[in-house]
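Chain by chain, the residues run as shown.
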Amino acid sequence: MDATERRIAAVLMASPRASWRTIARVLGISERTVVRRATPLLHDGTLRPTAIRNPARFPRLIPMVLRIRCRPSRIQAIAAGLARRADTVWVDILGGGDEISSVLFLDGPRARTSLLLRDLPATAAVHSWDAYDLLKVFPAGFAWSAGLLPMDQFETLATLPREPADAPQIQPLDDALIDQLAANARAGYSDLATRLGTSASTVRRRLDLLISAHMVRMACEVDLRLLGIGSEALLWIATGPGSLEATGQELSRHPQVRFTAATTGAANLLVAVAADDLGGLYSFLTETVGSLDDVRRLEVTPILSSPKRTGLLRRSEI
């Protein structure tokens, strides 16, 4: 990607359903340029707008993160198997090539029991695993631009209300709508209405309700290496219970942080960081994390590859 394409990608990451006119206005370029540059990237899958349910608003979903240690010679096959599961959101291969991290939104206690007591034990190459519940996902990371937009441009795209509206009663149409948006979050209201057998006004109204209530989160997937990001890592941070909320909120707003969640386990905060290079990662650790008041323990695991992000398979990684 050149500089213009990266800026367009950054706008779509921050606001996946932004109109061509909005993107042009924010970036100060012509709408024709935006369409000419962005359309091929969307058509060939370089940019992949998608949507994901917020498990905090769907009580049946159990959000969990796994750390799986396995035989290095089988790690790609195991990661690919996890990535093909419909309930996995992210799959990352970590560290020295013998560990996988995966975020899953499991459909109830039975699915969790099946995964932990049947599926993983039955996988011969898996040595051991730790499973942690995600207690809270901090929402700031869902409007992320990889630090490529100035703050004034970024703030004009903040489409997610800070405080969620009351959750509407979920209708069958809502689940079908979210599934359609997961395949293409930029689909137009008329196109969605045709696929769902309803009117465009109904689709608009239900989507506005889902977004205002934080029921669904929009995202735009892109290989971060195309944005000049060469170093990604997961941070497993232990902080005091009294400072967990403030620490999570502060880190989630940092332009290098793409995901922050409070978890169970010895480390109570999981943070995904993206930096230009190892020097940028070091600066983040020493300056940003180092300036926090109540960090009691820190583990850094580099991300080697990512077979799945935001529920989308990265076929080149499998």
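For the structure itself, consult the block above.
In this text the structure is predicted, and so the values were computed from the model without any measurement.

A. Summary view of the packing of aromatic side chains. Following the criterion strictly, the structure yields two aromatic pairs and no others. The cationic tip of Arg-17 hangs over the ring face of Tyr-189; the distance from NZ or CZ to the ring centre is 4.9 Å. When the ring centre of Trp-20 is taken as reference, the NZ or CZ atom of Arg-186 above it lies at 4.6 Å.

B. Highlighting the environment of Leu-61. Within the secondary structure layout, Leu-61 lies in strand S2 (residues 61-70). Taking C-alpha positions, Leu-61 is 15 Å from Asp-179, a pair spaced 118 residues apart along the chain. Setting aside anything within four residues of it in sequence, one finds Leu-61 in contact with Arg-53, Pro-55, Phe-105, Leu-106 and Asp-107.

C. Inspection of the nonpolar core at higher detail. Of all hydrophobic cores here, the largest spans 26 residues; its most connected members are Met-13 and Leu-224. Taken together, the elements giving at least two residues each to this core come down to helix H1 (3-14), helix H2 (20-27) and helix H3 (31-43). When sequence neighbours within four positions are dropped, the list of residues in contact with Leu-224 reads Met-13, Trp-144, Ile-229, Glu-232, Arg-258, Ala-274, Arg-309 and Arg-314. Grouped together as the second largest cluster of nonpolar side chains are 20 residues, Met-64, Leu-66, Ile-75 and Leu-104 included.

D. Up close: the pairing of strand S5 (residues 126-137). Here seven bridges tie S2 to S5, and the two strands are oriented antiparallel to one another. Bridge assignment links Arg-69 to a residue of S5, and that residue is Ser-128.

E. Structural view of unusual backbone geometry. One non-glycine residue, Ala-146, adopts positive backbone phi at about 60 degrees. Examined against the element boundaries, Ala-146 turns out to sit in the loop between S5 and helix H6 (151-156). Overall, Ala-146 belongs to the buried group, its relative accessible area being 16%. A positive phi angle, near 50 degrees, is found at Thr-310, a position not held by glycine. Locating Thr-310 in the fold gives a position in the loop between strand S10 (295-309) and strand S11 (312-313). A residue is classified by how much of its surface remains accessible, and Thr-310, at 14% relative accessible area, is buried.

F. Just the environment of His-127, in detail. For His-127, the position within the fold is in strand S5. Those residues within four positions of His-127 in sequence are excluded, and the remaining contacts are Arg-69, Cys-70 and Arg-71.

G. Region of the structure containing the packing of H1 against H2. H2 packs onto H1 with a crossing angle of 120 degrees between their chain directions and a minimal axis gap of 10 Å. With respect to H2, the axis of H1 lies oblique. Handedness of the H1/H2 crossing: right-handed. Here Arg-7, Ile-8, Val-11 and Leu-12 of H1 lie close against H2, whose contacting residues are Ile-23, Val-26 and Leu-27.

H. Examining the side chain of Asp-174 more closely. Among the secondary structure elements, Asp-174 is positioned in helix H7 (residues 172-183). With residues near it in sequence (within four places) discarded, Asp-174 still touches Gln-169, Arg-206 and Leu-210.

Cut-offs applied
Residue numbers here run from 1 along each chain, matching the order of that chain's written sequence. Reporting in this predicted model follows two pLDDT cut-offs: at least 70 for local features of residues, and 80 or more for side-chain atom pairs to be given and counted; totals over whole chains, interfaces and linings ignore these cut-offs and use all residues. Excluded from the side-chain calculation are hydrogens and water; included are all heavy atoms of the structure. Aromatic contacts are taken between Phe, Tyr and Trp rings whose centres are within 6.5 Å, Trp giving its six-membered ring; a plane angle under 30 degrees counts as stacked, one over 60 as edge-to-face, and the others as tilted. Lysine and arginine charges are scored as sitting over a ring when NZ or CZ, respectively, is within 6 Å of the ring centre and within 35 degrees of the ring normal. Under the scheme used here, helices are H or I runs from DSSP no shorter than 4 residues and strands are E runs no shorter than 2 residues, and both carry numbers assigned from the N terminus. A contact between two residues is defined here by any heavy atoms of the two lying within 4.5 Å. We define a nonpolar core as any set of buried Ala, Val, Leu, Ile, Met, Phe, Trp, Tyr and Cys residues linked to one another through side-chain atoms lying within 4.5 Å. The buried label applies to any residue whose accessible area, calculated with a 1.4 Å probe on protein chains only, is under 20% of its type's maximum; exposed applies above 50%, and partly exposed to all values in between. Two strands qualify as a pair provided that DSSP identifies no fewer than 2 bridges between them. Angular values range over 0 to 180 degrees, each being the angle between N-to-C directions of two axes fitted as lines to C-alpha atoms, with helices fitted over their stretch in contact. For classification purposes, angles smaller than 35 degrees are called roughly parallel, those larger than 145 roughly antiparallel, those between 65 and 115 roughly perpendicular, and all remaining angles oblique. Crossing handedness: left-handed means the near helix sits turned counterclockwise from the far one by under a right angle, and right-handed means the same turn made clockwise.

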